[in-house]
Amino acid sequence: MSSTINTVAVLGGTGNLGKHIVRALLVGGFSVTILTRAGSTSPKPSFEPYDVAFKEVDYSSPSSLQAAFAGQDAVISVISTDAAQQVQKSIIDAAIAAGVKRFVPSEFGVNTRKPGVEKTRVGEFLAGKRKVVDYLIQNEDKISWTGLSTGFFFDSALENGLTGISPLTNTATIVDSGTQPWPASLRSHIGRAVSEILRHPDITKNQYLSTASFNVSQNQVLAIVEELTGKKFAVTRADSKDIFKSGEEKLPNLAKGDHSAFVDFLKAYFLADGAGNELKDEDSANEKLCLQTEDVRAVVKGWLEKKGLLAA
Ligand SMILES: NC(=O)c1ccc[n+]([C@@H]2O[C@H](COP(=O)([O-])OP(=O)(O)OC[C@H]3O[C@@H](n4cnc5c(N)ncnc54)[C@H](OP(=O)(O)O)[C@@H]3O)[C@@H](O)[C@H]2O)c1
């Protein structure tokens, strides 16, 4: 059987990251079908000038999933964090039954295979993702797979405040000394990474890979934002131990669907002094995937420019 991949089904292709992966796959010349939940209210993005097919699928029905996967060489799952931990096993079973060659699970963040991560709060939250990759490893004789960790989505983190820097109020909340580097990827970079994984199915087969646009610290981002806005920011210091404790206190809210504890644990996991969760050169798949690192300053400049916040 040829390992070449031409047809790709993307689950969650309407989402925050999924849109970027779909666009990169289309640019890469793949024929893409976006699978959406039956009754989904997610707006259907436009990928002009490219054509993309949309198909509804009932995630609770193995036959619906299998029919949707018929004729697809690869299935990329970019479904939301909770869904990724609940429904991917049956999706994999259906992909195997349909003869899909490659499955990419919804990872795209913390490296859930890093030794010891399972003993951290972040790892506990993502235990369902680990189980999915364990399941793929058990079924390597039936379907090949590639997992991808990416660190924070940098463009989302700038916008949603996860970097701690708020150019609208000229304030910043810096964790510990602010010098700890953490891995970050633009969503467009992740899209290109997935496209390259499928373009090189042999060298990416049955592997858990890590990529990042760059490693960056909070202080670096703050210095760039201050320089480009021409403003001095008011800085509040936050102790990573207090952030972790705040996460522990919020844990009971999880049952009510409030995930803010996870956000606190993530901040402590990546931003705390000595965290050591940046992407080391020897662990990076950027070279394998022919991906360039990117220029943090240029990215931040583009973001501030769009917001009309660059100094005159
Ligand atoms: N590294 C980071 O900074 C970071 C940040 C956020 C997320 N992530 C990770 O990236 C991946 C994608 O996250 P995202 O934020 O892009 O997701 P998202 O936008 O919240 O959701 C993606 C899509 O999942 C589908 N979906 C939603 N609920 C579902 C359910 N119950 N069952 C099946 N499908 C469902 C929806 O598609 P339809 O409506 O079309 O069915 C939705 O558009 C996840 O693994 C997440 O953990 C990483």
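Residues numbered from 1 in each chain as written. Predicted model: local features only at pLDDT ≥ 70, side-chain atom pairs only at ≥ 80, totals over all residues. Heavy atoms only, no water.

Identification of the chain as NmrA-like domain-containing protein from Sordaria macrospora is taken from an unreviewed UniProt entry.

### Thoughts on the domain arrangement of the chain
As far as domains go, the chain holds domain 1 (7-150 + 187-210) and domain 2 (153-182 + 214-279 + 293-306). Look at where the C-alpha atoms of domain 1 and domain 2 centre, and you get two points 27 Å apart. Taken as a group, Arg121, Phe125 and Arg187 account for 40% of the area that domain 1 buries against domain 2, more than any other trio of residues on that side. Inspection of the region where domain 1 meets domain 2 yields three salt bridges. Salt-bridge contacts for Arg192 lead to Glu294; the nearest nitrogen and oxygen are separated by 3.4 Å. Of all elements in the fold, only helix 5 (121-125) and helix 8 (187-199) reach the threshold of two or more residues within the side of domain 1 that touches domain 2. With four residues, helix 8 is the largest single contributor of residues to the side of domain 1 that touches domain 2. Across the side of domain 1 that touches domain 2, the residue classes break down as eight nonpolar, five polar and five charged. (Domains from an automatic or database assignment. Buried area = accessible area lost by both parts, 1.4 Å probe. Salt bridge = Lys/Arg side-chain N within 4 Å of Asp/Glu carboxyl O. Helix = DSSP H or I, 4+ residues; strand = E, 2+ residues; numbered from the N terminus. Nonpolar A, V, L, I, M, F, W, Y, C, P; charged D, E, K, R; others polar.)

### A look at the environment of Gly18
Inspection of the secondary structure assignment puts Gly18 in helix 1 (residues 18-27). Gly18 gets classed as buried once you look at its relative accessible area, which sits at 1%. With 172 residues separating them along the chain, Gly18 and Ile190 place their C-alpha atoms 9.7 Å apart. Ignoring sequence-local partners within four residues, the contact set of Gly18 consists of Gly12, Gly13 and Val78. (Buried < 20%, exposed > 50% of the residue type's maximum accessible area, 1.4 Å probe, protein only. Contact = heavy atoms within 4.5 Å.)

### Details of the site of the ligand
What surrounds the ligand is a group of 23 residues, the closest being Thr14, Ser40, Ser42, Thr81 and Gly151. Between Gly15 and the ligand, the recorded distance is 3.4 Å, taken from a backbone N or O atom to an oxygen atom. Within the complex, the protein chains bury 78% of what would otherwise be the 910 Å² of accessible surface of the ligand. Counting only elements with at least two residues in the shell around the ligand, the list comes to strand 2 (31-37), helix 3 (81-86) and strand 7 (152-153). (Near = heavy atom within 4 Å. Polar contact = N/O pair within 3.5 Å; in protein donor to acceptor, adjacent residues only side chain to side chain. Areas by Shrake-Rupley, 256 points an atom, 1.4 Å probe, with all protein chains shown as cover.)

### What about the nonpolar core?
In this structure, Val110, Val122, Phe154, Trp182, Phe270 and Val300 are the most contacted members of the largest nonpolar core, which totals 39 residues. Counting residues per element, the ones that place at least two in this core are helix 5, helix 7 (154-160), strand 9 (171-175), strand 10 (182-185), strand 12 (214-216), helix 9 (218-229), helix 11 (260-271) and helix 12 (296-306). No other element matches helix 11, which puts seven residues into this core. The two domains that each donate at least three residues to this core are domain 1 (7-150 + 187-210) and domain 2 (153-182 + 214-279 + 293-306). Val300 has contacts with Phe154, Ile224, Val225 and Leu228, leaving out every residue within four places of it along the chain. In this structure, Leu25, Val78, Leu148 and Leu289 belong to the second largest nonpolar core, which totals 28 residues. (Core = buried A, V, L, I, M, F, W, Y, C linked by side-chain atoms within 4.5 Å.)

### Structural notes on the packing of helix 1 against helix 8
Across the interface, helix 1 lies against helix 8 with an axial gap of 8 Å and an inter-helix angle of 50°. Taken together, the axis directions place helix 1 and helix 8 in an arrangement best described as oblique. In this structure, helix 1 crosses over helix 8, and the sense of that crossing is right-handed. Judged by residue contacts, His20, Ile21, Ala24 and Leu25 of helix 1 engage Arg187, Ser188, Ile190, Gly191, Arg192, Val194, Ser195 and Leu198 from helix 8. (Axes fitted to C-alpha atoms, helices over the stretch in contact; angles between N-to-C directions. Parallel < 35°, antiparallel > 145°, perpendicular 65-115°, else oblique. Left-handed = near helix turned anticlockwise from the far one by under 90°.)

### Some details on the pattern of salt bridges
Counting across every chain of the model gives 13 salt bridges. Of the charged contacts in the structure, one is a salt bridge between Asp134 and Arg113, with a shortest N-O distance of 2.8 Å. With Asp134 in helix 6 (residues 127-138) and Arg113 in the loop between strand 5 (102-104) and helix 5, the pair connects residues that are 21 residues apart, well separated along the chain. Residue Arg113 is classed as partly exposed on the basis of its relative accessible area of 24%. When the shortest N-O distance is used, the salt bridge between Glu118 and Lys119 registers 3.9 Å. Given the relative accessible area of 33%, Glu118 is considered partly exposed. A network of salt bridges, in which partner residues are shared, links Arg121, Glu124 and Glu248.

### Notes on the UniProt feature "domain: NmrA-like" (unreviewed entry) in the chain
Sequence positions flagged by UniProt for "domain: NmrA-like" (unreviewed entry) are, in local numbering, residues 6-246. As annotated, residues 6-246 has a helix share of 37% and a strand share of 23%, and its two end C-alpha atoms lie 47 Å apart. (UniProt positions renumbered as here; feature names shortened; annotations may be inferred.)

### Here we look at unusual backbone geometry
The linkage connecting Glu48 with the following residue, Pro49, adopts the cis geometry, with an omega of 5°. By secondary structure assignment, the location of Pro49 is in the loop between strand 2 and strand 3 (53-57). We note that Phe108 has phi near 55°; this positive angle belongs to a residue other than glycine. Counting through the fold element by element, Phe108 comes out in the loop between strand 5 and helix 5.

### Here we look at the sheet that holds strand 10
Strand order in the open sheet formed by three strands is 7-10-12, with mixed pairing between adjacent strands. Of all strands in the sheet, those with a lone pairing partner are strand 7 and strand 12, marking the two edges. Where strand 7 meets strand 10, two bridges bridge the pair, whose relative direction is parallel. Looking at the pairing, Phe152 lines up with Ala184 of strand 10. (Pairing = 2+ DSSP bridges.)

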